[in-house]
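# Survey of secondary and tertiary structure
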Amino acid sequence: MNKNKKWFSLVIAMWLVIVITLLAFTILEYVVPFSRDIKWVENSSVAYYQANSWIEEGLYAVYDRNSNWTDSRTEYSQNIIVWSISRTFDTSSSWSIIPPIWEWNSEYDKDWNTISSWNPIQLVVWDNYISNWSNVKIAFRVPDLDRTWINDYTLSGTTLAIVNWQLSSETNTINASSTLWNNWIIRVWDILDSDEIFDDSILDIQFLQWIDLNWLETNDEKIWKFYDDNCWVGKSCTLKFSIVNKIETTDWITLPYLEWQLKTWTNVIPDRYSKITTTWKSFGFKKDITIKVPSQTVNEAFDFTVFQ
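Residues numbered from 1 in each chain as written. Predicted model: local features only at pLDDT ≥ 70, side-chain atom pairs only at ≥ 80, totals over all residues. Heavy atoms only, no water.

Once that is clear, we can look at the overall build of the protein chain. Scanning the protein chain from N- to C-terminus turns up 2 helices and 14 strands. Expressed as a percentage of its 308 residues, the buried residues of the protein chain come to 41%. Of the contacts made within the protein chain by residues no fewer than 6 positions apart, 75% connect residues no fewer than 24 positions apart. Working note: accessible area of the protein chain is about 17,800 Å², and carbon and sulfur atoms make up 58% of it. (Helix = DSSP H or I, 4+ residues; strand = E, 2+ residues; numbered from the N terminus. Buried < 20%, exposed > 50% of the residue type's maximum accessible area, 1.4 Å probe, protein only. Contact = heavy atoms within 4.5 Å. Areas by Shrake-Rupley, 256 points an atom, 1.4 Å probe, with all protein chains shown as cover.)

Next comes the structure, spelled out in structure tokens:
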């Protein structure tokens, strides 16, 4: 009796198909999640690096603004959305309180910036940015080193000159007069202790005495007069503050910096730092990056000529 083996071959083929299908599903269980992970990593990397690239866009916008006769308070914003990919960048460069609230670089107080040797303050104030000097107030303070407000840190020296003031135009410069008892230059007695707060009555810039490049000191050389004569439209003008002596407390602690805060109230001027915030979104992954770009400053080596 002859056996029919054709059906047996069909059964083997069916079993082979089943085994191969099961193997394929098993492999897919590992491959698909892995491929998704790779795609997620790819999109995450794209979001990060593209956000960095848009920092460059923001830097170029700030450079282009500052290198032309463009209002230094001009802000830039760009927003592009293409399907599941979007990117934005924004600049923030001016305010009437410097530093802006929460935009600080002091380690001890979120509302104050720092000034130290070789890290001066330089603010662009040309083009009639300041219309009323009576509203311009500045304060310098010893940082609260223990962050408790319990210990009161005070600078030593009393009459020691600490901060030099300088207003420069393209053709002339005035410096704070260093006459001891006229209190024109910022001395230790003008520096707030670590437990004091900003007070509108301190350091009223408009009444300070100045000397020009010819070392002439007159009652007529007020900052507002110099500003009106030299800092009008189309004339570059900067206001600078520099540390000129060692910063030391009465406890013999050498400080790395002083804190400072400036208020102009009705006058909006360019900030010491231009803040650039960029965002890039790539298929569900989003990266935000923020940097602060300082304005250019004059080398502090030039300040030593004032005290020769």
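Right, picking up where we left off after that structure.
Turning our eyes to something else, we now look at the state of the cysteines. Per the stated rule, a full pass over the model turns up 1 disulfide. With a sulfur-sulfur separation of 2.0 Å, C231 is cross-linked through a disulfide to C237. Each member of the pair, C231 as well as C237, carries the same accessibility label: buried. (Disulfide = S-S within 2.5 Å.)

Turning our attention to a negative patch on the surface. Taken together, D152, D195, E196 and D199 make up a surface patch of like negative charges. Turning to its location among the elements, D152 is positioned in the loop between strand 6 (137-141) and strand 7 (161-169). (Patch = residues over 30% accessible without salt bridge, like charges linked within 9 Å, V, L, I, M, F, W, Y side chains within 5 Å. Salt bridge = Lys/Arg side-chain N within 4 Å of Asp/Glu carboxyl O. Lys, Arg positive; Asp, Glu negative; His and termini not counted. Charge placed at Lys NZ, Arg CZ, Asp CG, Glu CD.)

Moving on, we come to the packing of aromatic side chains. One pass over the full model with this rule turns up 7 aromatic pairs. Ring geometry for Y48 versus Y49: centroids 5.0 Å apart, planes at 80°, classification edge-to-face. With a relative accessible area of 37%, Y48 lands in the partly exposed category. For Y49, a relative accessible area of 58% gives the class exposed. (Phe/Tyr/Trp six-rings, centres within 6.5 Å; stacked < 30°, edge-to-face > 60°.)

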